[in-house]
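Residues per chain, in single letters:
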Number of protein chains: 2
Amino acid sequence: MVTMAEVAARAGVTKQTVSNVVSGKKVRPETLAKVNAAIAELGYKPNLVARSLRTGSTSTVGLFVPHVANPFYSEVVEEVENVLVRHGYNLLLATTRDDPDYTRVHLENLAARSVDALLVAGDKGVGRQLPMLAQTSFPVALFAWEGDPPATLPVVSIDYEHAGYLAGRHLRDLGHRNVAVIADLPPHALRVAGLRRAFAADGLAIDDSKVFARTSDDAAGGYAAACAALEADPELTAIFATHDILAVGAVEAVTRSGRRVPEDVSVVGFDDIAQVGRIEPPLTTVAFPKREMAQNAVELLLRAVESGKPPTNALSLLRPTLIVRDSSAPPRTTA
Amino acid sequence: MVTMAEVAARAGVTKQTVSNVVSGKKVRPETLAKVNAAIAELGYKPNLVARSLRTGSTSTVGLFVPHVANPFYSEVVEEVENVLVRHGYNLLLATTRDDPDYTRVHLENLAARSVDALLVAGDKGVGRQLPMLAQTSFPVALFAWEGDPPATLPVVSIDYEHAGYLAGRHLRDLGHRNVAVIADLPPHALRVAGLRRAFAADGLAIDDSKVFARTSDDAAGGYAAACAALEADPELTAIFATHDILAVGAVEAVTRSGRRVPEDVSVVGFDDIAQVGRIEPPLTTVAFPKREMAQNAVELLLRAVESGKPPTNALSLLRPTLIVRDSSAPPRTTA
DNA sequence: TTGAAAGCGCTAACAC
DNA sequence: GTGTTAGCGCTTTCAA
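Residues numbered from 1 in each chain as written. Chains lettered and ligands numbered in written order. Predicted model: local features only at pLDDT ≥ 70, side-chain atom pairs only at ≥ 80, totals over all residues. Heavy atoms only, no water.

Time to look at empty space enclosed by the protein. If a probe the size of a water molecule is rolled over the atoms, the empty space left behind becomes visible. Across all of its chains, the model carries two cavities of 30 Å³ or more by this definition. Volume-wise, the largest cavity comes out at about 260 Å³. Around the largest cavity sit 16 residues that line it, and A:Thr58, A:Arg113, B:Thr58, B:Thr60 and B:Arg113 are the ones nearest its centre. At the level of elements, α4 (48-55) of chain A together with α4 (48-55) of chain B are the ones that each hand at least two residues to the lining of the largest cavity. (1 Å grid on protein atoms, 1.4 Å probe; cavity = no way out; pocket = protein on both sides within 12 Å on 5 of 7 lines; lining within 4 Å. Points joined across faces, edges and corners; volume = space filled by probe spheres on them. Helix = DSSP H or I, 4+ residues; strand = E, 2+ residues; numbered from the N terminus.)

Moving on to the domain arrangement of chain A. Parsing chain A into structural domains produces domain 1 (4-46), domain 2 (58-159 + 290-319) and domain 3 (160-288). Its C-alpha centre places domain 1 of chain A at a distance of 64 Å from the equivalent point of domain 3 of chain A. (Domains from an automatic or database assignment.)

Turning next to the protein's contact with DNA strand C. Around DNA strand C there are 24 residues in total, and A:Met4, A:Lys15, A:Tyr44, A:Arg51 and B:Thr31 lie nearest to it. Taken together, the sugar and phosphate atoms account for 64% of what DNA strand C places within 4 Å of the protein. With respect to DNA strand C, the side chain of A:Lys15 contributes an N or O atom lying 2.2 Å from a base nitrogen. Within the side chain of B:Thr17, one N or O atom sits 2.6 Å away from a phosphate oxygen of DNA strand C. Within the residue set of the surface near DNA strand C, elements represented by two or more residues are α2 (15-22) and α4 of chain A together with α2 (15-22) and α4 of chain B. (Near = heavy atom within 4 Å. Polar contact = N/O pair within 3.5 Å; in protein donor to acceptor, adjacent residues only side chain to side chain.)

This part is about the protein's contact with DNA strand D. Around DNA strand D there are 24 residues in total, and A:Thr31, B:Met4, B:Lys15, B:Gln16 and B:Tyr44 lie nearest to it. Looking at DNA strand D alone, sugar and phosphate atoms form 62% of those within 4 Å of the protein. A distance of 2.9 Å separates a phosphate oxygen of DNA strand D from a polar atom in the side chain of B:Ser19. Put simply, the parts of the chain that give the surface near DNA strand D at least two residues each are α2 and α4 of chain A together with α2 and α4 of chain B. In terms of residue class, the surface near DNA strand D is made up of seven nonpolar, ten polar and seven charged. (Nonpolar A, V, L, I, M, F, W, Y, C, P; charged D, E, K, R; others polar.)

Each copy superposes on the other: chain A lies on chain B with an RMSD of 0.1 Å after a rotation of 180 degrees and an axial shift of 0.0 Å. Accordingly, the operation relating the two chain copies is best matched by a two-fold axis. For chain A, the residue whose C-alpha comes nearest the rotation axis is A:Leu92, separated from it by 2.3 Å. Both copies present the same face, since 100% of the interface residues in chain A are matched by interface residues at the equivalent positions in chain B. (Least-squares fit on C-alpha atoms with pLDDT ≥ 70 in both. Contact = heavy atoms within 4.5 Å.)

Attention shifts here to the packing of helix α10 (residues 219-232) of chain A against helix α11 (residues 244-256) of chain A. Residue and element names in this part refer to chain A. Between α10 and α11, whose axes approach to 6 Å, the crossing angle comes to 50 degrees. Put simply, α10 runs oblique to α11. Crossing geometry of α10 relative to α11 is assigned as right-handed. On the side of α10, the interface is formed by Ala219, Gly221, Gly222, Tyr223, Ala226, Cys227 and Leu230, while α11 contributes Ile245, Leu246, Val248, Gly249, Ala250, Glu252, Ala253, Val254 and Arg256. Grouping the constituent residues of the contact of α10 with α11 by class yields eleven nonpolar, three polar and two charged. (Axes fitted to C-alpha atoms, helices over the stretch in contact; angles between N-to-C directions. Parallel < 35°, antiparallel > 145°, perpendicular 65-115°, else oblique. Left-handed = near helix turned anticlockwise from the far one by under 90°.)

Let us look at the sheet that holds strand β6 (residues 179-183) of chain A. All names here are of chain A. Reading across the sheet, the six strands line up as β7-β6-β8-β9-β10-β12 and stay open at both edges, with mixed pairing between neighbours. On the outer flanks of this sheet lie β7 (211-213) and β12 (321-323), each paired with one strand and no other. Between one strand axis and the next, the sheet turns by 20 degrees as a mean value, whatever way the strands run. Note: β6 against β7, three bridges, orientation parallel. Each bridged residue has a counterpart across the sheet, and for Val181 the counterpart in β7 is Val211. Seen against the sheet, helix α8 (residues 160-174) touches β6, β8 (238-241), β9 (266-271), β10 (284-287) and β12 and runs at an angle of roughly 160 degrees to β9. (Pairing = 2+ DSSP bridges.)

The next subject is unusual backbone geometry. Omega for the bond connecting A:Val261 with A:Pro262 falls within 30 degrees of zero, at 5 degrees, which places this linkage in the cis form. Here A:Pro262 lies in the loop between α11 and β9. Across the junction of B:Glu280 and B:Pro281, the peptide omega takes the value -5 degrees, indicating a cis bond. Mapping B:Pro281 onto the fold places it in the loop between β9 (266-270) and β10 (284-287). Even without being a glycine, B:Asp271 presents a positive backbone phi close to 125 degrees. Note that B:Asp271 resides in the loop between β9 and β10.

What follows covers the packing of aromatic side chains. Residue and element names in this part refer to chain A. Counted according to the given criterion, the structure contains eleven aromatic pairs over all chains. Judged by centre distance (6.5 Å) and plane angle (65 degrees), the rings of Phe240 and Phe270 are edge-to-face. Here Phe240, found in strand β8, pairs with Phe270, found in strand β9; they are 30 residues apart in sequence, far enough to count as distant. Note on Phe270: relative accessible area 0%, which makes it buried. Seen from their ring centres, Phe270 and Phe288 are 6.1 Å apart, and the 55 degrees between their planes marks the pair as tilted. You can see Phe270 sitting in strand β9 and its partner Phe288 sitting in the loop between β10 and α12 (290-307), a full 18 residues away along the chain. With respect to class, Phe270 is no different from Phe288; both count as buried. Three or more aromatic residues joined by ring pairs form one cluster here, namely Phe72, Tyr73, Tyr160, Phe240, Phe270 and Phe288. Between Arg197 and the ring centre of Tyr165, over which it is positioned, the NZ or CZ distance is 4.2 Å. (Phe/Tyr/Trp six-rings, centres within 6.5 Å; stacked < 30°, edge-to-face > 60°. Buried < 20%, exposed > 50% of the residue type's maximum accessible area, 1.4 Å probe, protein only. Lys NZ or Arg CZ within 6 Å of the ring centre and 35° of its normal.)

In this section: the pairing of strand β2 (residues 90-95) of chain A. Side-chain direction in a regular strand flips from residue to residue, so the side chains alternate between the two faces of the sheet. Counting buried positions along β2(A) gives six out of six residues, so the element sits mostly inside the fold. Going residue by residue along β2(A), you find A:Asn90, A:Leu92 and A:Ala94 tucked away on one face and A:Leu91, A:Leu93 and A:Thr95 tucked away on the opposite face as well. Regarding the hand of the β-α-β motif, the stretch spanning strand β1 (residues 60-65) of chain A, helix α5 (residues 71-86) of chain A and β2(A) is right-handed. Where β2(A) and strand β2 (residues 90-95) of chain B come together, three bridges link them in antiparallel fashion. Counterpart to A:Leu93 in the pairing with β2(B) is B:Leu91. (Right-handed = clockwise from strand over helix to strand, strands pointing away.)

Next up, the structure:
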């Protein structure tokens, strides 16, 4: 490996001058030429680890996601990487698997590696580590945070309660009165609360007996929960699933039971992941600007890194919107 | 930040002894206790950047993928991270967007950061950088490599030609004679070649006029190409798409044209990404053990890292299998 | 087993 | 604008 000292010797200058050239500081043109020539001849590349040790900065940002294979998060990962590359940073990716221990281990590791910043997507399994997150030496931001947002850290998220409300209002306005919910609880409690509020506005209630916990976070989990819901009440006219993957399973369950979506049972999902626009029928769902949010969150962090100031400690909530596709319609018999 | 020197002072020993404790070397029990007490009291965590500068190893492995939001690659990312964490390594993720320039920039960056190894998934946009890849100071392996595998680097992949053959044989055996192909060419040329070989065995040929290049690598691209194929020959009875996302679009195009899958037109995909088992109808596709392959590839690299020897330069091809679901059936009128 | 000294490759601070 | 000096926090080497 070629070092700065070798380049310096070759160019007849000191390390410092080479350093100045590399970092684009003021250098006399003829020195610049000599040094650049030496760099080119020797094929010198600066050692970023050494630079990091000296400066304490690694040009690396950590990203925590619960799972990468989940389409919601893989879009987030992609967008985060986009922004980082554009700003000259690297992405250190860690999956937390909704597990507090994984989260802790990863966090300690990132701290020891001195990442410049950390973005935490999703709050399952992270909540317990909040005190640690607030004590790091680098800026941390929370993304798609659904629980009680901590006051100490900046949060870029959406109003999940309102998002649930949008779904509820849609079903209510269509005339549905007998609605089941398939949910990942407690994490998605706010989505359900919003749905309930929409119905409560008309004096309607969604009983706890109509809320079904999913067994797993894949389509099979949604399928099983929807089967249970249909069995418990064959008369129900709509299902709200707290995320799209569950909704995909729910559509399948409805269809397999001999009913049709949306004629017999409407299904509404949540997230607007890419694939649900193309299932049969295309899914009505609550969307929010994931990529824009991810971009905001990363830029918030990078501003903090580059200014040396702690990040603006704001709660930034982007607006969810309802995407009405073909999986929702008025109930067959309006009660 | 607490340094080793501070711990040493506190424990009344030298840095060296603390270092020995941290790295689990032989230390007298009472010294060990003293040092551990000091570590605990001060909350000392070793600075991994400093360690890396000294040792030249970062416990970090780079992964190149074309895109993360593509479900095929997001599964790969997830599995790679699984294995790395299990072995105590970190994941530095870079998306290459099938672009040689991105690839080059990322590669130089990783080299300067002294990652311990690099796994390159997918070959689009990477081919031109092969000489650079072969010259790095750390082990490199190629994953899901479809082009001519270079002799200088280990490759973990599948036999794409055979995979295409499996799809072709399936359609041929069902009795299809008028088949269109929707392909990402030239990258997926081998898959198409395999398909052709299957038909050639019966003296049948798939004319170039039946091969349609997709316009983009999303479902819309598959949709457009399938529409073109159906327009060019309304009599065709089957479509082979060189990856599942295209197939999803193709199914949609067939359905929208008023035809039915598989009664009027069979559709066969490639990759077996998670979602295609749940579209309507569930897709027949060629599967291969992505996760197992990813695991093999990473472990190959880590063995090389830990042994200090270059990786076994082998071409490891796992076997693809055909998953027959509901999107393929005999043609309505057997020619 | 532990200590002392050296240095990984770079940048910060200051003098010239 | 460029050189000199010092040191980031750790591990390696060698001596005790």
